[in-house]
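A structural walkthrough
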Amino acid sequence: MSVCIYGFQHPDFQETTKEYIFAYFKEKQYIQVDTETTGFSCHNDKLVCIQMGDFDNQFVIHPDKLLEFKIPLEKRILIFHNAKFDLNFLYKNNIWPNKVYDTFLAEGVIHCGIPSEKKNLAHIAKKRLNIDIDKAVRDANIGKQGLTKDVIEYAAGDVKYLEQLMNSQMRDLEQKDLEKALELENQFVLTLAFIEFCGFKLDGDKWYKKHISDIRVSKGALKALNDWVVSKNITQFIDTQLDMFSMEVSTTINWSSPKQVIPLFQHLKIPVEIVEKGEKKLTVDARHLSKYSKKFEIIPLYIAYKEAEKVVGTYGTTFIDQINASTGRLQTNFRQIMDTSRISSGGKDKVLKTSYINFQNIPKEKETRECFIPERENKLIIGDFKSQESVVLTNISLDESLIEFFENGLGDMHAFVASKMYKELNGLSVDEIKEYHSDKRYNAKTAGFAINYGGVGATIAANSEDGISVEEGDEIYNAYFEAFPGLKRYFDKAKMEGLQKGYILISPLTGRKSYIFGYETYLEMNKKMDRKFWDRWKWLKLREKDSEEYISTKAQISKYFQIKGKIERQSLNFPIQGQSAEISKLAGISFFNWIKTNNYQNKVLIANAIHDEYVLDVPKELAKECAKQLKFCMEEAGKPYCKRIPLKADVKIANNWGEK
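Overview of the structure. No experiment lies behind these values; they were computed from the predicted model shown. (Residues numbered from 1 in each chain as written. Predicted model: local features only at pLDDT ≥ 70, side-chain atom pairs only at ≥ 80, totals over all residues. Heavy atoms only, no water.)

When helices and strands are tallied, the protein chain shows 28 helices and 23 strands. Relative to its length of 660 residues, the protein chain is compact, with a C-alpha radius of gyration of 29 Å against a globular reference of 26 Å. In terms of overall dimensions, the protein chain has a C-alpha envelope of 80 × 75 × 55 Å along the principal axes. For the protein chain, the proportion of its 660 residues judged to be buried stands at 50%. Accessible surface for the protein chain amounts to roughly 33100 Å². Of this, 49% is attributable to carbon and sulfur atoms. Within the protein chain, one finds 95 positive and 92 negative side-chain charges whose respective centroids are separated by 1 Å. (Helix = DSSP H or I, 4+ residues; strand = E, 2+ residues; numbered from the N terminus. Rg over C-alpha atoms; globule rule 2.2 N^0.38 Å. Buried < 20%, exposed > 50% of the residue type's maximum accessible area, 1.4 Å probe, protein only. Areas by Shrake-Rupley, 256 points an atom, 1.4 Å probe, with all protein chains shown as cover. Lys, Arg positive; Asp, Glu negative; His and termini not counted. Charge placed at Lys NZ, Arg CZ, Asp CG, Glu CD.)

Here we take up the packing of aromatic side chains. Enumeration according to the criterion identifies 44 aromatic pairs in this entry. Aromatic ring contacts, followed pair by pair, group Phe-200, Trp-207, Tyr-315, Phe-319, Phe-334, Phe-359, Phe-372 and Trp-657 into a single cluster. Geometry around Phe-55 places Lys-160 over its ring, the cationic atom sitting 4.6 Å from the centre. A cation over a ring is seen here: Lys-440 above Tyr-422, with NZ or CZ 5.7 Å from the ring centre. (Phe/Tyr/Trp six-rings, centres within 6.5 Å; stacked < 30°, edge-to-face > 60°. Lys NZ or Arg CZ within 6 Å of the ring centre and 35° of its normal.)

This part takes up the pairing of strand β5 (residues 57–61). Most of β5 sits out of view: five of its five residues are buried. Direction of pairing for strand β1 (residues 2–6) relative to β5: parallel, over a ladder of five bridges. Paired with Val-3 across the bridge in β5 is Gln-58. Across four bridges, the pairing between strand β4 (residues 47–53) and β5 is antiparallel. The residue of β5 that forms the bridge with Ile-50 is Ile-61. Linkage of β4 to β5, two consecutive antiparallel strands, is achieved through a turn of three residues. (Pairing = 2+ DSSP bridges.)

There is a patch of like positive charges on the surface, built from Lys-280, Arg-531, Lys-538, Lys-541, Lys-545 and Lys-554. With three residues, the single largest contributor to the positive patch is helix α26 (residues 531–543). You can see Lys-538 is positioned in helix α26. (Patch = residues over 30% accessible without salt bridge, like charges linked within 9 Å, V, L, I, M, F, W, Y side chains within 5 Å. Salt bridge = Lys/Arg side-chain N within 4 Å of Asp/Glu carboxyl O.)

All right, on to a negative patch on the surface then. Together, Glu-471, Glu-472, Asp-474 and Glu-475 make up a region of like negative charge exposed at the surface. Along the polypeptide, Glu-471 turns up in helix α23 (residues 470–483). On the basis of relative accessibility, which here comes to 55%, the residue Glu-471 falls in the exposed class.

What follows covers the sheet that holds β5. A sheet is described by the order of its strands in space; here seven strands give the open sequence β2-β1-β5-β4-β3-β6-β7, paired in mixed fashion. This sheet does not close on itself; its edge strands, each paired only once, are β2 (14–15) and β7 (99–102). Contacts between helix α9 (residues 162–175) and the sheet are confined to β3 (30–37), β6 (77–80) and β7, with β3 contributing the most and set at about 120° to the helix. (Contact = heavy atoms within 4.5 Å. Axes fitted to C-alpha atoms, helices over the stretch in contact; angles between N-to-C directions.)

We now examine helix α25 (residues 519–528). Among all positions of α25, only Tyr-519, Tyr-522 and Met-525 are buried. One side of α25 holds all its buried residues, which, seen down the axis, span an arc of 125°. Relative to its buried face, α25 has exposed residues pointing more than 90 degrees away, namely Glu-520, Glu-524, Lys-527 and Lys-528. Its buried side turned inward, α25 meets α24 (485–501) and α27 (548–597). (Arc of directions from axis to C-beta.)

This paragraph deals with the sheet that holds strand β23 (residues 649–654). Note on sheets: strands pair through backbone hydrogen bonds, and any given pair is parallel or antiparallel. Taken together, the four strands give an open sheet; going across it, the order is β21-β22-β18-β23, and neighbouring strands pair in antiparallel fashion. At either end of the open sheet lies a strand with only one pairing partner, and these are β21 (605–610) and β23. In this sheet, adjacent strand axes meet at a mean angle of 15° when their direction is disregarded. In the sheet, strand β18 (residues 378–385) pairs with β23 via six bridges, with the strands oriented antiparallel. What sits directly across from Gly-383, in β23, is Val-651. Contacts between α27 and the sheet are confined to β18, β21 and β22 (613–619), with β22 contributing the most and set at about 15° to the helix.

Before going further, it helps to spend a moment on the environment of Leu-505. Take Leu-505: it is sitting in strand β19 (residues 503–507). In this view, Leu-505 contacts Gly-511, Arg-512, Lys-513 and Pro-575; residues no more than four positions away in its chain are not counted.

Here we come to the packing of helix α17 (residues 388–397) against α27. In the contact formed by α17 and α27, the axes pass within 9 Å of each other and the chain directions differ by 115°. Considering the angle they form, α17 stands roughly perpendicular to α27. Our pair here, α17 against α27, has a crossing hand that is right-handed. Of the residues in α27, those touching α17 at Gln-388, Glu-389, Val-392, Leu-393 and Ile-396 are Pro-575, Ile-576, Gln-577, Gln-579, Ser-580, Ile-583 and Ser-584. Of the residues belonging to the contact of α17 with α27, the class tally is six nonpolar, five polar and one charged. (Parallel < 35°, antiparallel > 145°, perpendicular 65-115°, else oblique. Left-handed = near helix turned anticlockwise from the far one by under 90°. Nonpolar A, V, L, I, M, F, W, Y, C, P; charged D, E, K, R; others polar.)

Moving on, we come to the pairing of β3. For β3, the tally of buried residues reaches eight of eight residues, placing the bulk of the element in the interior. The alternating pattern of β3 places Tyr-30, Gln-32, Asp-34 and Glu-36 on one face and Ile-31, Val-33, Thr-35 and Thr-37 on the opposite face, and all of these are buried. Sheet topology note: the β3/β4 ladder contains six bridges and is antiparallel. Bridge assignment links Thr-35 to a residue of β4, and that residue is Ile-50.

Quick look at helix α4 (residues 103–110) now. The buried count for α4 comes to seven of eight residues, which makes it a mostly enclosed element. Regarding α4, the residues found buried are Thr-103, Leu-105, Ala-106, Glu-107, Gly-108, Val-109 and Ile-110. Considering only its buried residues, α4 is in contact with β6, β7, α5 (121–129), α9, α10 (179–198) and β20 (512–515). Regarding α4, its N-cap is Asp-102, as a side-chain oxygen of that residue lies 2.8 Å from the backbone nitrogen of Phe-104 further along. (Polar contact = N/O pair within 3.5 Å; in protein donor to acceptor, adjacent residues only side chain to side chain.)

Here the focus is the side chain of Glu-613. Tracing the backbone through its elements, the reader meets Glu-613 in strand β22. Buried and unpaired, Glu-613 has Arg-369 as its nearest opposite-charge partner, separated by 4.0 Å. A polar side-chain atom of Glu-613 sits 2.9 Å from a polar atom in the side chain of Trp-657. Contacts of Glu-613, omitting those with residues within four sequence positions, involve Arg-369, Ile-382, Gly-383, Asp-384, Asn-608 and Trp-657.

Of all residues except glycine, most have a negative phi; of all peptide bonds, most are trans. In the Ramachandran plot, Asn-82 falls in the positive-phi region, its phi being about 65° despite a non-glycine side chain. For Asn-82, the location among the structural elements is in the loop between β6 and α3 (83–92). Although it is not a glycine, Ser-387 sits at a positive phi angle of roughly 50°. Residue position: Ser-387 is located in the loop between β18 and α17.

Right, let's get into the pattern of salt bridges. One pass over the full model with this rule turns up 35 salt bridges. In this structure, Glu-117 engages Lys-127 in a salt bridge whose closest nitrogen and oxygen atoms are separated by 3.3 Å. Here Glu-117 is found in the loop between α4 and α5, whereas its partner Lys-127 is found in helix α5, with 10 residues between them in sequence. A salt bridge links Glu-377 to Lys-620, with the shortest nitrogen-to-oxygen separation between them at 3.7 Å.

This is the structure in structure tokens:
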């Protein structure tokens, strides 16, 4: 191993020259790159060094000399492990790489869907190369040590094996036909790092005023609940002990505690028992209770309180506290590859012991989003795909009725579905159905959401606000698929393939797959459940319902159908979400390339990316140009996936995120 240093001196290592490093990489296709830093924020922390090298030689470079290597870092293919982190620090130093290979992302693509597969460098080096990489130096805090002998050797070791890891991964990628999926991710990480780098501007004063208003709303909702119980004189839940500071009668219930709310609801005969994964449990979850809102007047009061409580707890002063002092903007963390290939945001950092704000879960209500603003003299550009997942589903299934809906621009999807499900609605316009047949429109809406995510008649019944029976749910389910036979054919095929293959083909264009975690368990159980097994089960149901064998067999069957049902739901849902995610990623890649081509990196910011939406923060004079380009990039990204029904994007220029 040959380790050289550049830009500083150390008695244990030979110092080289810039010219030698340039000459060394002149004929090489790849440069293996890593950084060591004093912390995790490119805006608040500093580079300790940057490492460039290959298996034979590694160069540890002082950060003061980093810009001398701008050209090779921007022109060559760089191999990273967890590129997003290092790219943020390079962007901070005005270095904008264009081609990367990320061994971290490659592991994510190869093992997509399998949560037990670790992706850290030490683990994959041991697994693939049988190499031990000692992380003790990093764990001892490199930021405090500086460029000691141990730090230099550790830093060099982090780039030594990256190309070997890449070659090992490429064999797996080729075998599984995943090269294009990784190529997309390697391009998108450049964009995602930029989104993290940019952050989103928050009007702290306006946010705090909203927070105070939210507290008032929460207190009002709490008082309404207590007043209702008192007005009904439900004595066992009323606190009769008045104190000298308040003469108001209240309740003994902590409304934030389900354990205390459940006894009251049981007293009121509100159904709080559900069956989940074959087991009975008690719940006051709003999704369950909302079905009974019309029958029990306390339920809307309780749901209103829980929503207000969540707003106060989730969207409170934490947002203000996380405004970065260096940028004046909120900075968060994104994760690039979920099981469906979607990105996610937020989460906890175990090292920093902090929680990042989830930029993808900001409430859509006007008062909240108005607090997200552009920089002074800037505008926000908001680009949103129109009915992205519905359009993708239509292009995958090629159902004639869905094609008719989009080709003719019929407007309200739920009313249209109702018109297909119910013969008595034939000839009525979607507007007439919305106005005069809201019950049937609601049934269509409930069926659509349930079925598109793998639900059945029982799911529709469980989600119904009117508490319909399973039989009625089955009728709606059957009517839905009679109306959309192309959809049924696609669903049947997708479920069968998931059960047969053990993975879900998310995207035929990239070969992306999500492997089904626990598939081996399903195969083992399915093999045992032969005709003899089911004959025995019928006999047990008739004659041995009190036996241990009956109880254990029932539990076994319940587990089997839970696993099977999960596989079928994923088989339906993942391709829709996954192809939608790939479209969004392609749009982001294209737009960021446009930013770099025009040298707009420090002018045009990508402030946020939600599943079907991008938010830009741009100078006023560039607003129209950026809006036009974003719309073009989004709609072009949809073309390879949506060839029958094109995917359109709405793009607007606004003064804040909540502006209509």
